[in-house]
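What follows is the residue order along each chain.
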Amino acid sequence: MGFIMIGANTPMAEINFEFGQIFGVGKRCETIECGDLDGDGDLDLSVVNIFSHSLTLAYNNGEGIFDTIVELPLANGKLHPVAHAIGDLDGDGRNDLVVAHLQIFGVAAIISFADAEIIFIYSTPNGFVQQTELPIWGIPSYLEINDVNSDGLNDVLIGNLGLTSFSTGFQTTDPGLYFFINKGNRVFDDSWDFVRSSGSIAQIAGLDFDNDGNIDVVGINQGSEYDAIFQTLGKQDVTFFKNNGNRFDILSLTPLTYKPSSIDVADFNNDGYDDFAITTYGSETSLIGFSGQNASVEIFMNDRGLFRQTTSIPVPGIAYRVIAEDFDMDGDVDLAVTMQEIENQMLKPSLRFYENIGNEEFVEAGSFVLQEYPNYATKGDFDGDGDVDLAIVCIIEEQIANASSALNGVVYTFFNNAVTGVNNWSIF
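Residues numbered from 1 in each chain as written. Predicted model: local features only at pLDDT ≥ 70, side-chain atom pairs only at ≥ 80, totals over all residues. Heavy atoms only, no water.

Remarks on the overall build of the chain
(1) Moving on: Of the regular secondary structure elements, the chain holds one helix and 33 strands.
(2) Moving on: Split into buried and exposed, the 428 residues of the chain put 58% on the buried side. (Helix = DSSP H or I, 4+ residues; strand = E, 2+ residues; numbered from the N terminus. Buried < 20%, exposed > 50% of the residue type's maximum accessible area, 1.4 Å probe, protein only.)

Here we look at the confidence of the model for the chain
Should the pLDDT be low somewhere, the predicted coordinates at that spot are not to be read in detail.
(1) Moving on: The share of residues in the chain with pLDDT of 70 or more is 85%, and the mean pLDDT across the chain is 87.
(2) Moving on: Mean pLDDT across the secondary structure elements of the chain bottoms out at strand E23 (residues 284–286), with 58, and peaks at strand E3 (residues 44–49), with 98.
(3) Moving on: Confidence over residues 226–234 falls short of pLDDT 50; this stretch has 22 contacts with residues more than four positions distant or in other chains.
(4) Moving on: Within the model, pLDDT remains below 50 along residues 422–428, and this stretch shows 14 contacts once partners closer than five positions in the same chain are excluded. (pLDDT = per-residue confidence, 0-100. Contact = heavy atoms within 4.5 Å.)

Remarks on the packing of aromatic side chains
(1) Moving on: Here the structure, examined in full by the defined rule, presents 23 aromatic pairs.
(2) Moving on: Ring geometry for Phe353 and Phe368: centres 6.4 Å apart, planes at 70°, overall edge-to-face. Linking Phe353 in strand E29 (residues 346–358) with Phe368 in strand E30 (residues 361–369), this pair joins segments that are 15 residues apart in sequence. Of the two residues, Phe353 and Phe368, neither departs from the other in class, the shared state being buried.
(3) Moving on: On the numbers, 4.7 Å between centres and 40° between planes, the contact of Phe368 with Phe414 is tilted. On the criterion of sequence distance, the pair formed by Phe368 in strand E30 and Phe414 in strand E33 (residues 408–416) is long-range, its members being 46 residues apart.
(4) Moving on: According to the relative accessible area criterion, Phe368 is buried, its value standing at 0%.
(5) Moving on: Grouping aromatic residues by their ring pairs yields a cluster made of Phe17, Phe19, Phe327, Phe353, Phe368, Tyr412 and Phe414.
(6) Moving on: Sitting over the face of the ring of Tyr376, Arg321 holds its NZ or CZ atom 3.7 Å from the ring centroid. (Phe/Tyr/Trp six-rings, centres within 6.5 Å; stacked < 30°, edge-to-face > 60°. Lys NZ or Arg CZ within 6 Å of the ring centre and 35° of its normal.)

Considerations on the pairing of strand E32 (residues 389–395)
(1) Moving on: Extensive coverage of E32 is indicated by the burial of seven of its seven residues.
(2) Moving on: Residues Asp389, Ala391, Val393 and Ile395 point to one face of E32 and Leu390, Ile392 and Cys394 to the other, with burial holding for every one of them.
(3) Moving on: In this sheet, E32 lies alongside strand E31 (residues 373–380) in antiparallel orientation, the contact comprising six bridges. Paired with Ala377 across the strands is Ile392, a residue of E32.
(4) Moving on: Of the strand pairs in this sheet, E32 and E33 are connected by five bridges, and their pairing is antiparallel. Residue pairing for E33: Ile392 is matched across the bridge by Tyr412. (Pairing = 2+ DSSP bridges.)

Things to note about unusual backbone geometry
(1) Moving on: Even without being a glycine, His53 presents a positive backbone phi close to 55°.
(2) Moving on: Tracing the backbone through its elements, the reader meets His53 in the loop between E3 and strand E4 (54–60).
(3) Moving on: Overall, the relative accessible area of 24% leaves His53 in the partly exposed class.
(4) Moving on: Even without a glycine there, the phi angle at Ser150 is positive, about 55°.
(5) Moving on: One can find Ser150 in the loop between strand E10 (140–146) and strand E11 (155–160).

Regarding the nonpolar core
(1) Moving on: Membership of the largest hydrophobic core comes to 31 residues, with the highest contact counts inside it found for Ile32, Leu45, Leu177, Phe179, Phe248, Val393 and Val411.
(2) Moving on: Listed by contribution, the elements that provide at least two residues to this core are strand E1 (17–27), strand E2 (29–35), E3, strand E14 (176–184), strand E17 (201–207), strand E27 (317–325), E31 and E32.
(3) Moving on: In this view, Phe248 contacts Val148, Leu177, Phe179, Trp192, Val195, Ile215, Asp216, Val217, Phe241, Lys242 and Asn243; residues no more than four positions away in its chain are not counted.
(4) Moving on: Within the second largest apolar cluster, 24 residues are counted, among which are Ala100, Ile118, Leu134 and Ile139. (Core = buried A, V, L, I, M, F, W, Y, C linked by side-chain atoms within 4.5 Å.)

Describing the environment of Glu63
(1) Moving on: Position of Glu63 relative to the elements: it lies in the loop between E4 and strand E5 (66–73).
(2) Moving on: Between the alpha carbons of Glu63 and Asp42 there is a distance of 8.6 Å; along the sequence they are 21 residues apart.

With respect to the sheet that holds strand E22 (residues 275–280)
(1) Moving on: Pairing is antiparallel in the open sheet, where four strands are placed in the order E21-E22-E25-E26. Edge positions in the sheet fall to strand E21 (260–266) and strand E26 (306–314), since each has one partner strand and no second. The average undirected angle you get between the axes of adjacent strands in this sheet is 20°.
(2) Moving on: The pairing of strand E25 (residues 296–303) with E26 spans eight bridges and is classified as antiparallel. Its bridge partner lying in E26, Asp303 is registered against Leu306. (Axes fitted to C-alpha atoms, helices over the stretch in contact; angles between N-to-C directions.)

Quick look at the pattern of salt bridges
(1) Moving on: A full pass over the atoms with the stated rule returns 14 salt bridges.
(2) Moving on: Linking Arg186 and Asp90 is a salt bridge whose minimum nitrogen-to-oxygen distance equals 2.8 Å. In this pair, Arg186 sits in the loop between E14 and strand E15 (187–189) while Asp90 sits in the loop between strand E6 (81–87) and strand E7 (96–102), placing the two residues 96 residues apart along the sequence.
(3) Moving on: Between Asp189 and Lys183 there is a salt bridge, and its shortest N-O distance comes to 3.9 Å.
(4) Moving on: The class for Asp189 is partly exposed, based on a relative accessible area of 25%.
(5) Moving on: Salt bridges linked by common partners bring Lys78, Glu117 and Glu133 together as one network. (Salt bridge = Lys/Arg side-chain N within 4 Å of Asp/Glu carboxyl O.)

As structure tokens, this is what we get:
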């Protein structure tokens, strides 16, 4: 299968990618992450498959080709993994996996019947071993591994959608930010209180945004209340969770006109403070439908821990995932966006690039047409040439809701051709 990057009509566009590989994963694939899963120094990929009740592990051969694909089923009858993260959880120098799963999935899970757990899967010299399961309230949406209490041990942060109840008029109960604190020796507890948000937290990103030595968190809040035809009644925002050393508090809320779909963090103006970009779906016609109008990428600049919205980039369709990275290695952070473009009143899956030209301005810098609905994305130097490549997990849009009709998903990889002066071997 061949792909051609379609260049934008601008002399500033220097971002240059080529198609790498496509490989299959499980049914109703969801989050994709990258990390060294076998200790050989290369970045591997992992994907959770909701209806296959498994993870797909794709091992890198050292040149950016994922030629060993392994399915890792959830143990002990666990079902429906919905999110995961990669990191060293037990301090042995090997990357482990943490997975959120729902024993009940679909409408029943949303309406106060969720049975959710966090599963810790540890890496050993002989492979991965599932060892610990901890229950969690609500519907976990996104996981991140980070040291929130600065004790040298990686903890687990959880964005949570909460639960929706008919009896409360479709209001969501207890959404927000949850934690499992690492006590060492593969023991985790919930000794840090969760932080209740005004609506469902769909994705999080943890960094020290105010440079005080503590990991803070920014999350996208997709709202919590719906009217009689299931339209969101506002309350969507960007929520900044401030780490005060022994607890998190909500420091600020930035309201959004349209529902946010993803977030990524980077220093866009090179001032030493991390900023972030979010994508928005655009106009909402129902709880599960969007018109493809008014979608955008929104840039928020960090002013010493306080954020201001500075740049809005219109997206011609429904925007899904944003990846922020200096793709052309000119010192400024660029953007890649997975989306469904609108063309002749039809939706066309694509990957689109926007180049940072300074002064908080971005210009379109090319795109790829995809064959399937693009879901999550991740970034990393897969081929070891010194620049950052991309991997996107895709599903069949018409068959995402139901296990019986779901088909296997696919992962696309794309190689970055930025001129770095680094060859495949010199960085090891």
